[in-house]
Amino acid sequence: MSGKSNSDVPKKEKAHYLPSSWDEISNNLYLRIEWYASKFITISVWGVVIGFIGIVYGLLSMWFFGSEISALGTFLGFFVGFGALIASVVLLLWGVFWRRRVENHKIL
């Protein structure tokens, strides 16, 4: 092994990027907001899928396993299903709202 340690190695300075104009700053802002809005819409689609799976599970649990043990499973299936659907609608509306704001450039 060599006698050198990591403290002997000079560290590189990270160059800071400065935007050249206000248009570049606003463009970067709009791109970032559009990226987040797209992620909200994508997550809302997954929430709808999870919601429908929860509701179908609750229905199947209620119809086929009608005992008292499955009452908790039925309740949780409906609770998770409807909760995921409501959260998905909220995320979808939020994502669509910001996508429209970005398309019209009405933030700044």
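Residues numbered from 1 in each chain as written. Predicted model: local features only at pLDDT ≥ 70, side-chain atom pairs only at ≥ 80, totals over all residues. Heavy atoms only, no water.

1. Remarks on the side chain of S88
- Following the sequence through the fold, S88 ends up in helix α2 (residues 69-104).
- On the basis of relative accessible area, S88 is assigned to the buried category, the value being 3%.
- Within the structure, the side chain of S88 is placed 3.1 Å from the backbone nitrogen of V48, a separation counted as a polar contact.
- Within the structure, S88 has its side chain in polar contact with the backbone oxygen of A84 (distance 2.7 Å). (Helix = DSSP H or I, 4+ residues; strand = E, 2+ residues; numbered from the N terminus. Buried < 20%, exposed > 50% of the residue type's maximum accessible area, 1.4 Å probe, protein only. Polar contact = N/O pair within 3.5 Å; in protein donor to acceptor, adjacent residues only side chain to side chain.)

2. Observations concerning the pattern of salt bridges
- Taken as a whole and assessed by the stated rule, the structure comprises 1 salt bridge.
- Between E34 and R99 there is a salt bridge; the shortest N-O distance is 3.7 Å. Placement of the pair is E34 in helix α1 (residues 22-64) and R99 in helix α2, with a sequence separation of 65 residues.
- Looking at E34, the relative accessible area reads 28%, which means it is partly exposed.
- A relative accessible area of 26% places R99 in the partly exposed class. (Salt bridge = Lys/Arg side-chain N within 4 Å of Asp/Glu carboxyl O.)

3. Digging into α1
- The end-to-end C-alpha separation of α1 is 63 Å, in line with the 63 Å expected for 43 residues at 1.5 Å each.
- Within the sequence span of α1, burial applies to S26, Y30, I33, A37, S44, G47, G51, G54, I55, G58 and S61. (Expected span 1.5 Å × (residues − 1).)

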